[in-house]
Amino acid sequence: PEGGNHFFKRPSATASGLMSRSGLRCDGRLKVALATVVAVIVPSSRRSAFCIARPVEVQLSFGGAPKRIATSNSLHDRSCRRSTAVKATSSLSSSRLGCALPKGDKLDRRIAGIALPSAVNLLILPLVNAVDTYWVGQMGNALALAGQGAANQVFSSIFWIIAFLPSVTTPLVAKAAASGDDEEARRRVCEASFLAGVMGLCGALVLAFFTPMALSTVLGPEAPARAFASPYLKIRAFSFIPALFTTVGFASFRGVMDTVTPLKVSFFSNLLNILMDPALMFGFGLGVSGAAAATVISEVAAASAYLVLLCKRKLISLSSLFTVPSMKRLLPLLQGGAAIQLRSLALNSAFLLATRRAQGMDFSGVAAAAYAISMQFWQLGGVSLFALQTSASILVPAELARESGGPKAARAVADRLLMLGLVLGIVVAGLQLTALPLLNAFSTLPEVRRAALTPVTIASLMSAGAGVVFAGEGIMIGRGAWDDL
């Protein structure tokens with residue numbers, strides 16, 4: 001009792017006695033068990049050392065012969081568990097998983113500086129497509145919406161199968177820019193622009209002169225939606241070359257870590273599209289064809305802006321657009337392009353098959369219209385996550401080429417991007433599910449709204465894993481791991 005207070009006044013002596021595994025004998029007075037004292041007086045630095053010692057035996061004296069008893073292990077065990085928890089927390093913070101967690105540090109700010117403008121830039125196109133879908137939906141004709149959706153899918157599939165250049169150009173330009181070789185960066189942009197012109201011409205000819213054959217991938221020969229899809233696709237064919245050159249310009253500015261310039265170009269060109277949609281569709285009475293014409297005009301405006309800006313930044317010259325690069329120079333583009341094309345072919349074959357099945361479900365166009373809306377709804381979220389692929393394809397090769405970087409730094413960037421992909425994918429899925437009431441804005445027909453609810457819900461749930469997928473693809477592209485991709 002009273003005399004026992006000196007245990008707490010002399011912690012060093014008590015700790016010394018504990019560590020020597022000795023008992024303390026005090027005749028005539030009851031002393032507190034040393035195992036109880038240790039939790040109070042032994043500093044944390046010594047407590048971890050105490051955890052490896054055997055349980056202490058304590059002598060208690062009640063005015064007679066001392067009696068030896070064993071202390072309880074409970075406090076000893078709890079002390080050990082506390083020490084282990086502290087060590088585990090410290091280990092987690094320094095482990096690879098701990099380093100991958102977003103922290104708001106310099107690396108997060110670098111990723112955000114590239115990903116946020118890219119996300120906004122990539123989000124503009126599906127937003128514009130959603131506006132197109134909105135205006136076509138205001139026509140009150142399910143077949144018009146189904147036809148526009150089918151033509152859009154054909155155009156997008158053929159375009160992205162051919163348009164492998166942005167994915168390959170970005171890491172090549174980023175690597176050259178990070179190493180300070182401006183001439184190499186300029187040559188890469190010029191070579192990609194030349195290929196864009198050649199492949200864009202091929203794509204435009206296929207869509208313009210083989211329109212029925214292209215539409216047969218999603219529409220049957222007697223499908224009523226062909227009456228709307230055919231004129232729309234013929235007009236959209238004129239945007240193939242400028243659209244492909246626009247993607248090269250976008251990739252080139254991304255490669256030099258400039259994501260703001262592409263954002264400005266996309267904003268103003270697509271604003272032009274939004275303004276012209278109702279004017280051409282309803283003001284001039286062009287209907288679905290007016291939506292296609294508005295898109296062509298906006299793509300030509302964007303390509304012209306990129307041409308001027310690339311020349312101003314000395315990333316391209318007009319003469320280089322007509323200079324045929326050597327096969328040795330084109331080989332990295334073609335090797336990477338083959339892998340990107342296989343990936344695009346697999347993805348877009350699935351999209352084309354799904355579109356064809358949706359078009360054949362009924363001849364009223366309700367199912368096809370619902371599918372077109374669900375695709376637009378998913379792309380609004382999916383494309384925003386696609387910015388992670390952009391960030392990875394820029395940052396990973398830049399870290400590998402940077403003088404103070406290397407494989408370890410690149411791996412840290414890759415880990416952080418994968419973790420961000422997981423977190424953002426879950427967030428986007430939640431936002432899409434919350435926005436389900438917005439489906440009513442895409443069609444005036446109640447049956448189309450009802451039919452779109454289930455596929456949109458499924459598509460929203462799929463976004464939860466899309467962020468990791470896109471980040472992983474960007475890492476592979478940045479490393480040039482085309483076989484893995």
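A short tour of the structure in this document, coming up. (Residues numbered from 1 in each chain as written. Predicted model: local features only at pLDDT ≥ 70, side-chain atom pairs only at ≥ 80, totals over all residues. Heavy atoms only, no water.)

Attention shifts here to the environment of L342. Its place among the elements puts L342 in helix 16 (residues 327-359). With a relative accessible area of 60%, L342 lands in the exposed category. Spatially, the C-alpha atoms of L342 and I161 are 8.0 Å apart, while their sequence positions differ by 181 residues. (Helix = DSSP H or I, 4+ residues; strand = E, 2+ residues; numbered from the N terminus. Buried < 20%, exposed > 50% of the residue type's maximum accessible area, 1.4 Å probe, protein only.)

Let us look at the environment of A204. Note that A204 resides in helix 10 (residues 182-209). Sequence separation between A204 and I158 is 46 residues, and the spatial gap between their C-alpha atoms is 9.9 Å. Leave out the neighbours within four places in its chain, and A204 touches A237 and F240. (Contact = heavy atoms within 4.5 Å.)

Another aspect to go through is the packing of aromatic side chains. Scanning the entire structure with this criterion turns up 8 aromatic pairs. Residues Y134 and W135 carry aromatic rings whose centres are separated by 5.3 Å and whose planes lie at 70° to one another, so their mutual orientation is edge-to-face. The exposure class assigned to Y134 is partly exposed, which follows from its relative accessible area of 33%. When the centroid spacing of 5.2 Å and the interplanar angle of 80° are considered together, the rings of F267 and F268 count as edge-to-face. Classification of F268 as exposed rests on a relative accessible area of 56%. It is R236 that lies over the ring of F155; its NZ or CZ is 3.9 Å from the centre. (Phe/Tyr/Trp six-rings, centres within 6.5 Å; stacked < 30°, edge-to-face > 60°. Lys NZ or Arg CZ within 6 Å of the ring centre and 35° of its normal.)

A grouping of L201, L205, V206, F209, F210, M213 and I241 is seen on the molecular surface, where their side chains present a nonpolar patch of about 690 Å² in accessible area. Sort the elements by how many residues they give to the nonpolar patch and helix 10 lands first, with 4 residues. With respect to the helices and strands, I241 occurs in helix 13 (residues 240-255). Looking at I241, the relative accessible area reads 34%, which means it is partly exposed. (Patch = residues over 30% accessible without salt bridge, like charges linked within 9 Å, V, L, I, M, F, W, Y side chains within 5 Å. Areas by Shrake-Rupley, 256 points an atom, 1.4 Å probe, with all protein chains shown as cover. Salt bridge = Lys/Arg side-chain N within 4 Å of Asp/Glu carboxyl O.)

Any functional reading would require information that these geometric values do not contain.
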